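A look at the structure
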Amino acid sequence: MALNVIILAAGQGSRMNSQKAKVLHLLAGKPMLLHVVDSALQLNPEALHVVVGHQKEQVQQSLRHFPVNCISQDQQLGTGHAVAQALPHIDDQSVVLVLYGDVPLVPVQILQKLVSCVSDQQIGLLTVELRDPSGYGRILRNTSGMVKAIVEHRDASAEQQAIHEVNTGIMAIKAHCLHSWLPLLSAKNAQQELYLTDIIASAVANQISIATISPQLEQQVKGVNDLVQLAQLERWYQLQQAHQFMQQGLQLADPERFDLRGELILGRDISIDINVVLEGHISLADGVIIGPNCSLKNVRIGSGVKIKANSVLEDAEVGDSCEIGPFARLRPGTKMAAGAKIGNFVETKQSNIGTGAKVNHFTYLGDCQVGQHSNVGAGTITCNYDGAQKHTTIIEENVFVGSNTALVAPVRVGSGATIGAGSTVTKDVPADHLAIGRGRQVNIGHWKKK
Ligand code: UD1
Ligand code: CA
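Fair warning: this is a prediction, and the values are worked out from it, not measured in the lab. (Residues numbered from 1 in each chain as written. Chains lettered and ligands numbered in written order. Predicted model: local features only at pLDDT ≥ 70, side-chain atom pairs only at ≥ 80, totals over all residues. Heavy atoms only, no water.)

What about the environment of asparagine 375?
One can find asparagine 375 in strand S25 (residues 375–376). Taking relative accessible area as the criterion, asparagine 375 reaches 29% and is therefore assigned partly exposed. Each C-alpha atom of the pair asparagine 375 and lysine 358 lies 4.9 Å from the other, and the pair is 17 residues apart in sequence. (Helix = DSSP H or I, 4+ residues; strand = E, 2+ residues; numbered from the N terminus. Buried < 20%, exposed > 50% of the residue type's maximum accessible area, 1.4 Å probe, protein only.)

Here we look at the coordination of the calcium ion (ligand 2)
With distances of 2.4 to 2.5 Å, the protein atoms coordinating the calcium ion (ligand 2) are Asp102 (OD) and Asn225 (OD1). Of this pair, aspartate 102 sits in the loop between strand S6 (95–100) and helix H4 (108–116) while asparagine 225 sits in the loop between strand S11 (209–213) and helix H8 (227–247), placing them 123 residues apart in sequence. Here aspartate 102 matches asparagine 225 in class, with each residue buried. (Donors = N, O, S within 2.8 Å, 3.2 Å for Na, K, Ca; no water.)

A closer look at the domain arrangement of the chain
Domain annotation of the chain identifies domain 1 (3–221) and domain 2 (249–435). Distance from the C-alpha centre of domain 1 to the C-alpha centre of domain 2: 49 Å. (Domains from an automatic or database assignment.)

Focus on the nonpolar core
In this structure, Ile7 and Leu97 are the most contacted members of the largest nonpolar core, which totals 73 residues. Setting aside anything within four residues of it in sequence, one finds isoleucine 7 in contact with Leu33, Val36, Val37, Ala40, Leu48, His49, Val50, Val51, Leu99, Tyr100 and Gly101. If you look at the next biggest cluster of nonpolar residues, it comprises 50 residues, including Leu284, Val318, Leu365 and Val370. (Core = buried A, V, L, I, M, F, W, Y, C linked by side-chain atoms within 4.5 Å. Contact = heavy atoms within 4.5 Å.)

So, the environment of isoleucine 90
Relative to the helices and strands, isoleucine 90 resides in the loop between helix H3 (79–86) and S6. Taking the C-alpha atoms as reference, isoleucine 90 lies 9.6 Å from glutamate 46; in sequence the two are 44 residues apart. In this structure isoleucine 90 touches Asn4, Ile6, His49, Val96 and Ala175, once residues within four positions along its chain are discounted.

Considering the state of the cysteines
By definition, a disulfide links the sulfur atoms of two cysteines through a covalent bond. Inspection of every chain in the model, using the stated rule, returns zero disulfides. We note that cysteine 322 lacks a disulfide partner, and the nearest cysteine sulfur, in cysteine 294, lies 15 Å from it. Considering cysteine sulfurs only, cysteine 368 is the nearest to cysteine 383, which forms no disulfide, with 11 Å between them. (Disulfide = S-S within 2.5 Å.)

With respect to the site of ligand 1
In the vicinity of ligand 1 there are 24 residues, among which Gly11, Gln73, Thr79, Glu152 and Asn167 approach most closely. A distance of 2.8 Å separates an oxygen atom of ligand 1 from a polar backbone atom of glycine 78. Within the side chain of tyrosine 100, one N or O atom sits 3.0 Å away from an oxygen atom of ligand 1. Along the lines of polarity and charge, the residues of the shell around ligand 1 split into nine nonpolar, eleven polar and four charged. (Near = heavy atom within 4 Å. Polar contact = N/O pair within 3.5 Å; in protein donor to acceptor, adjacent residues only side chain to side chain. Nonpolar A, V, L, I, M, F, W, Y, C, P; charged D, E, K, R; others polar.)

A look at the packing of aromatic side chains
The full count for this structure, using the stated rule, is three aromatic pairs. Aromatic pair phenylalanine 327 and phenylalanine 345: ring centres 5.2 Å apart, planes at 15°, arrangement stacked. With phenylalanine 327 in the loop between strand S20 (323–324) and strand S21 (329–330) and phenylalanine 345 in strand S23 (residues 341–353), this residue pair connects regions lying 18 residues apart in the sequence. Phenylalanine 327 gets classed as partly exposed once you look at its relative accessible area, which sits at 40%. By relative accessible area, which is 45% here, phenylalanine 345 ends up partly exposed. Considering the side-chain rings of phenylalanine 345 and phenylalanine 362, the 5.5 Å spacing of their centres and the 10° angle between planes classify their relative orientation as stacked. Separated by 17 residues along the polypeptide, phenylalanine 345 in strand S23 and phenylalanine 362 in strand S24 (residues 358–370) bring together distant segments of the chain. Joined through ring pairs, the aromatic side chains of Phe327, Phe345 and Phe362 make up one cluster. Positioned over the ring face of tyrosine 385 is lysine 390, at 5.2 Å from the centre of the ring. (Phe/Tyr/Trp six-rings, centres within 6.5 Å; stacked < 30°, edge-to-face > 60°. Lys NZ or Arg CZ within 6 Å of the ring centre and 35° of its normal.)

Here we look at H4
Along H4, the positions that sit buried rather than exposed are Val108, Ile110, Leu111, Leu114 and Val115. The arc that holds every buried residue of H4, seen down its axis, measures 160°, which confines them to one face. Residues of H4 that are exposed and angled more than 90 degrees away from the buried face: Gln109, Lys113 and Ser116. Buried-residue contacts for H4 involve strand S1 (3–9), helix H1 (32–41), S6, strand S7 (122–129), strand S10 (165–174) and S11. (Arc of directions from axis to C-beta.)

In structure tokens form, the structure reads like this:
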């Protein structure tokens, strides 16, 4: 049976108190809506429709790389009205799965199970027992346990509010059923909206049965209506990820203080200390050790690398057995060959550090190449920017750069050369030469202290 998925994402999300559309708020570094889109696409639907309205341009923009059909709901008149906007695009015999852009973590297997419940005589509804059901629509069942209706929290009597089984908002239903019952919805309710949930009562009146499915864990179907709920779901999601990686052999000092906002590829025997944030595409080879408070974004780290406390790496590649930090900053385009070292308060950008080279203290290397086994002394600065353009500094192999050297690019230091401490190097240095470019020291004897 053909499947069409409708994701509702037009609501304002006023309880977020934010300028940003609710469904674009990030969970594990990715907009909530894209979590839902990813799950929906795994079901291989004939079409995926996203109902957009509030902050439509930004929401559509976030979907530009996905095969989705955006449908406008210009006035947000309720979830039933939102589904009705998509319905003209869907064949009557198709199964429709309704998902909510603010319910981001429903497992694909549950959605599959829900879809497989659907027939002309049956609707699939995802419900869950919550310890605290407040805010959610409650599931009303008759004496024999059959679902008879959903009542929204704000419309529920005190007795109904005491029910803990709630509507997740997610349902699967034949399109022709929606065709028959959506036009019957009325806005005579507390929110004066056309509630999708009211079609359940219509279905029951027409002898259609409601099959309910529940998730294993309540967080899998939790909706996000405010920033407190978003933070709670984020922590839950991060802990799940942490536990999965720990099962695979990742050692985490504290799984509660682990944040992965992207994809992680892991070797064996890796350990990560507290408060490490990993973003984008991260790959860590065997034996990598990451100290506390590090931030890594889009990096590939070779085996046996040690990254010490408070280091920040972005768009960088690090070869085997390198050492980094503490307090190092590797900016985009940094590449370290095997066994290289970058120490404290060193900033690098668009730079290649050769095999076994050392850049240990207080240094800025921008647009720079450091040859193998060269040593860059403390306080060395590449003057790579002349106010208009960037220029390259080349330090060949086995060079010794004395402390507090300024390398005024473009400039090349030949292999085996030595630069005296405190030099300002404005001219190329030939191989094996000693370059000294600084004022001579004068010692004056007859002078008076003020
Ligand atoms: C909804 C359900 C409630 C359920 C809860 C689960 C209804 C009437 N209520 O309530 O039973 O327990 O979800 O999380 O369906 N939207 C539109 N257009 C609109 C209105 C909403 O696209 O006109 C979208 C929103 O962007 C959101 C979703 O539909 O993604 C749900 O809307 P929301 O207002 O958050 O509904 P709840 O009050 O949470
Ligand atoms: Ca909601």
